[in-house]
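Close look at the chain arrangement
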Amino acid sequence: MNILHVANNTAPQFGGAYRSIVLFRNAAGTRNYPTECVSFDDDPHTNPHLNDEASWRIVPTRRGVLGSKYASISQRTAGKLTELIQSADIIFVHLLYRYHAVWAARRARQFGKPLVVVPHGSLDPYVFTYRAFRKRLWLKAYHDLLFRDSLVLYATDREQEKAAAAVGNVKSESLFWPMDDETGHLADTLPREPSTPRRLLLVGRLHPMKRVLETVRAFCRASVPGWQLVVIGAETGEISLQTLQTAAGAEWNRSVVYRGVLDRQSLYLEYTRASAMILASHRENFGHVVAEAMRFGLPVIISEDVDLCTVVRQAGAGLVVPVSSENDILDCLASFLRSTPDELEELGQSARRAARENFDFLTFANSYNTILETLVSQGAKHARGRDLQIA
């Protein structure tokens, strides 16, 4: 079985879709199913290292009528990619509202290939708080193309439930994205050595969606002795290093420290030295860094809009907080940061157990491959528009 993933601007430094596709590729590899990945990129130079991976193809896009974010590709490039579609047994489309999704879905329909749509949170109600008219118009225009007789794959049950308001009753499955075997092994073998002062990690690109500035300001206002906020992630056009420094004020390089972008090994070491993790995002359809932190035995503080909140709440792995303002973050920090070492340890052990139970790689791989095998075996039914039966 040959698998093709088509996505848009999958920069590794931004995680999300890129990390998920790598996990999907590795899961297919457990049954020796070859995977190819295509990324339609506005600026291919942002992803030069993807070209070092044999399974990745970077496709430069050209500016479209509605601007670069709605760009198209050349006819010559389209011809080459059509050959990939024809040779694949199943097509994945990652992320929505861009040309790559429409292009890939049309080709999948044209050649009778099963189609799997992975929204990565792009159907969450929060995404309709900005550019809502354009997105709803896009969904209305391409709803049948993308969702009729295809399968929508979500990272959590909560993401699945929230998406129903945008796309209605479509065929779908939810699978927790897993930890890869290497991460699990390191989480079990690297010694935990919490530092003094205790470190609270904030990991992710510096973007307003993650309430980075609100978290930094709330931490400074809480002013709890013995704690340091360590921020890790790439600058963005919305939040620069200077903006972050302004939010921290006098606490910059004192109780608030910026580590920049770290490779995986360096990030794992940060997990072993930290005492907790915070992510108060407006939305996260999964939250890879939350799952990782839990696997390393860190209690987590997350907003109710991080879709792993159900796991965290049920496991007693930290705090799940309704967040609508900076003051909500302040209130939870003022309480949590006064936890005793024993209380933090108990929460961390609960987090580790929950991560082992829910984010196991082989469990995910077996479920993922079974779904794909079922879809491919029923490919003829899919092409004729019949219902799919997923075991």
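Heads up: these notes are all about the structure in this document.

How each quantity is defined
Residues numbered from 1 in each chain as written. Predicted model: local features only at pLDDT ≥ 70, side-chain atom pairs only at ≥ 80, totals over all residues. Heavy atoms only, no water. Pairing = 2+ DSSP bridges. Helix = DSSP H or I, 4+ residues; strand = E, 2+ residues; numbered from the N terminus. Axes fitted to C-alpha atoms, helices over the stretch in contact; angles between N-to-C directions. Contact = heavy atoms within 4.5 Å. Buried < 20%, exposed > 50% of the residue type's maximum accessible area, 1.4 Å probe, protein only. Phe/Tyr/Trp six-rings, centres within 6.5 Å; stacked < 30°, edge-to-face > 60°.

Examining the sheet that holds strand β10 (residues 198-203)
- With respect to topology, six strands assemble into an open sheet ordered β12-β11-β10-β13-β14-β15, the strand pairing being parallel. Lying at the two open borders of the sheet, with one neighbouring strand each, are β12 (256-260) and β15 (318-321). For this sheet the average axis-to-axis angle between neighbouring strands, irrespective of direction, equals 20 degrees.
- Pairing analysis gives three bridges linking strand β13 (residues 276-279) to strand β14 (residues 300-303), with the strands arranged parallel. In the sheet register, L279 faces β14, and the bridge partner there is I302.
- Sitting on the sheet, helix α7 (residues 212-222) is in contact with β10, β11 (227-232), β12 and β13, with an inclination near 165 degrees to β11.

So, unusual backbone geometry
- Here T196 and P197 are connected by a cis peptide whose omega angle stands at 0 degrees.
- Within the secondary structure, P197 sits in the loop between α6 (181-189) and β10.
- Here N32, not a glycine, exhibits a phi torsion of approximately 60 degrees, which is positive.
- Backbone geometry at Y97 places phi at a positive 70 degrees, although glycine is not the residue there.
- Counting through the fold element by element, Y97 comes out in the loop between β6 (90-94) and α3 (99-110).
- A residue is classified by how much of its surface remains accessible, and Y97, at 6% relative accessible area, is buried.

Some details on the packing of aromatic side chains
- Applying the stated criterion across every chain yields a total of 18 aromatic pairs.
- Their ring planes at 15 degrees and their centres at 5.8 Å tell us that F24 and F364 sit as a pair that is stacked. Highlighted residues: F24 in helix α1 (residues 17-29) and F364 in helix α14 (residues 361-377), separated in sequence by 340 residues.
- On the accessibility criterion, F24 (0% relative accessible area) is buried.
- Ring centres 6.2 Å apart and planes at 80 degrees place the aromatic pair W177 and F364 in the edge-to-face group. With W177 in the loop between β9 (172-174) and α6 and F364 in helix α14, this residue pair connects regions lying 187 residues apart in the sequence.
- With a relative accessible area of 4%, F364 lands in the buried category.
- Through successive ring pairs, a cluster of aromatic residues spans F24, F92, W177, F364 and Y368.

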